[in-house]
Amino acid sequence: MDLRPLEEATLYDRLTEEGLSRLVNKFYDLVHQHVVLKEIFPPDLTETREKQFAFLSGFFGGPSLYMEKYGHPRLRMRHLKFPIGETEARAWLECMRQALRDTVPDQKLREDIFAALARTAVHMINTGT
Ligand code: HEM
């Protein structure tokens, strides 16, 4: 039994592995349909789902699955080949907000996850538009 106070629990502890899997799957269902995002993402998102699950596992304080399998993510560099402006970052976050609403019942947890991802999404912006 984990008796650490709640504030010390990581986002991963609070979300759980199953919760992360539900979130990532819902997120890419929405990305796939999104008018802006479907233009830049590949049509088959199977591998993207797997990589994002692995990445967010470590990002939220759980097992570093992405690092173990693919090495250092160098996330901003990996995104440079895609034009990401404010429009794309907003669209990405819109899908994430919706996926959180649909899969995470705990509102405080939704807000904490969204805040962490919003900071990273802004960091991915690589065009002036
Ligand atoms: C700001 C808006 C963002 C856009 C438009 C965007 C777009 C993309 C695209 C097009 C791919 C390639 C998909 C593929 O070829 O499989 C990708 C991969 C990925 N993205 Fe993003 N992304 C954004 C933000 C983020 C954020 C905030 C994170 C993490 C918190 C993230 C994590 C990843 C990861 C882990 C991959 C897989 C990298 C790999 O190929 O190993 N992205 N993203």
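Scroll up a little and you will see the structure.
Being a predicted model, the structure only gives us computed values, none of them experimental. (Residues numbered from 1 in each chain as written. Predicted model: local features only at pLDDT ≥ 70, side-chain atom pairs only at ≥ 80, totals over all residues. Heavy atoms only, no water.)

A. Broad picture of the overall build of the protein chain. Helix and strand counts for the protein chain come out as 7 helices and 0 strands. Starting at the N terminus, the α and β elements of the protein chain follow one another as α-α-α-α-α-α-α. Rg of the C-alpha trace for the protein chain: 15 Å, near the compact-globule value of 14 Å for 129 residues, within the 12% margin. Seen along its three principal axes, the alpha-carbon backbone of the protein chain occupies a region of about 45 × 30 × 25 Å. Per-residue burial for the protein chain yields a buried fraction of 37% across its 129 residues. At a minimum sequence separation of 6, the contacts of the protein chain that also span at least 24 residues come to 69%. Working note: accessible area of the protein chain is about 8000 Å², and carbon and sulfur atoms make up 55% of it. Seen as two clouds, the 18 positive and the 19 negative side-chain charges of the protein chain have centres 4 Å apart. (Helix = DSSP H or I, 4+ residues; strand = E, 2+ residues; numbered from the N terminus. Rg over C-alpha atoms; globule rule 2.2 N^0.38 Å. Buried < 20%, exposed > 50% of the residue type's maximum accessible area, 1.4 Å probe, protein only. Contact = heavy atoms within 4.5 Å. Areas by Shrake-Rupley, 256 points an atom, 1.4 Å probe, with all protein chains shown as cover. Lys, Arg positive; Asp, Glu negative; His and termini not counted. Charge placed at Lys NZ, Arg CZ, Asp CG, Glu CD.)

B. The arrangement of the site of the ligand in detail. With respect to spatial proximity, 19 residues lie near the ligand, and among them Phe-41, Thr-48, Tyr-66, His-79 and Trp-92 are the closest. Residue Trp-92 places a side-chain N or O atom 3.3 Å away from a nitrogen atom belonging to the ligand. Mapped by element, the contributors of at least two residues to the shell around the ligand are helix H3 (46-59), helix H5 (75-79), helix H6 (86-103) and helix H7 (107-124). (Near = heavy atom within 4 Å. Polar contact = N/O pair within 3.5 Å; in protein donor to acceptor, adjacent residues only side chain to side chain.)

C. View of the packing of aromatic side chains. Evaluated as defined, the whole model comprises 7 aromatic pairs. When the centroid spacing of 5.7 Å and the interplanar angle of 55° are considered together, the rings of Phe-59 and Phe-60 count as tilted. One aromatic cluster is present, formed by Phe-55, Phe-59, Phe-60, Tyr-66 and Tyr-70 through successive ring pairs. Just above the ring of Phe-114 sits the side chain of Arg-97; from NZ or CZ to the centre is 4.1 Å. (Phe/Tyr/Trp six-rings, centres within 6.5 Å; stacked < 30°, edge-to-face > 60°. Lys NZ or Arg CZ within 6 Å of the ring centre and 35° of its normal.)

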